[in-house]
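The residues making up each chain are set out below.
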Amino acid sequence: MKRCKQMACKAEGGLCAVLPKIQIVEVETMRAVITVIGKDNVGILHQVSGVCANYQANVLEVTQSVLQDMFAMIMMVDITAMTTDFTRLSDALTELGNQLGLSIHTMHEDIFNAMHRI
């Protein structure tokens with residue numbers, strides 16, 4: 001232990017462990033917004049998140065609501081570690097929507113933000 005002059009260490013008699021500096025590297029996170037609208041059915045969230053998992057798109061947040069028999073969901077996904085092109089994820093989700101009779105729209109966060117700037 002070495003003597004330290006930091007204010008927090010003075011209360012401890014000036015003794016603290018000297019730790020190596022840790023370099024923090026910020027990785028820019030890329031995200032996408034997925035919206036799902038249509039007739040409610042069992043397993044919609046499961047199937048949409050399954051497609052995301054297949055492409056290594058990590059689900060960050062989900063909000064969903066059922067109004068009478070209509071299902072609405074907004075999902076935010078981290079696409080930083082995706083194993084393929086963003087367009088393939090978008091196409092796979094659109095195809096899933098066609099199979100399930102749902103409207104599934106996938107938009108890159110940058111496009112979403114650009115559309116909603118004042």
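Fair warning: this is a prediction, and the values are worked out from it, not measured in the lab.

Peer 1: Break down the pattern of salt bridges for me, citing the residues and quoting the values.
Peer 2: Counted under the stated rule, the structure contains two salt bridges. Between E109 and R31 there is a salt bridge; the shortest N-O distance is 2.3 Å. In this pair, E109 is assigned in helix α4 (residues 109–115) and R31 in strand β3 (residues 31–39), connecting sequence segments 78 residues apart. Of the residues examined, E109 reaches a relative accessible area of 12% and is grouped as buried. Of the charged contacts in the structure, one is a salt bridge between K39 and D69, with a shortest N-O distance of 3.3 Å.

Peer 1: Which residues make up the sheet that holds strand β6 (residues 102–108), and what values go with them?
Peer 2: Sheets are built from strands that pair by backbone hydrogen bonding, the pairs being arranged parallel or antiparallel. Read from one edge to the other, the open sheet built from four strands follows the order β4-β5-β3-β6, with strand pairing classed as antiparallel. Looking at the sheet topology across the chains shown, the edges are occupied by β4 (58–67) and β6. Averaged over all neighbouring strand pairs, the angle between strand axes comes to 10 degrees, with direction disregarded. Both β3 and strand β5 (residues 70–78) contribute to a ladder of nine bridges, which runs antiparallel. Its bridge partner lying in β5, V33 is registered against M76. Running over the sheet, helix α2 (residues 44–54) touches β3, β4, β5 and β6 and is turned about 25 degrees from β5. Against the sheet, helix α3 (residues 86–100) makes contact with β3 and β6, and its axis sits at roughly 170 degrees relative to β6, the strand it touches most.

What counts as what
Residues numbered from 1 in each chain as written. Predicted model: local features only at pLDDT ≥ 70, side-chain atom pairs only at ≥ 80, totals over all residues. Heavy atoms only, no water. Salt bridge = Lys/Arg side-chain N within 4 Å of Asp/Glu carboxyl O. Helix = DSSP H or I, 4+ residues; strand = E, 2+ residues; numbered from the N terminus. Buried < 20%, exposed > 50% of the residue type's maximum accessible area, 1.4 Å probe, protein only. Pairing = 2+ DSSP bridges. Axes fitted to C-alpha atoms, helices over the stretch in contact; angles between N-to-C directions. Contact = heavy atoms within 4.5 Å.

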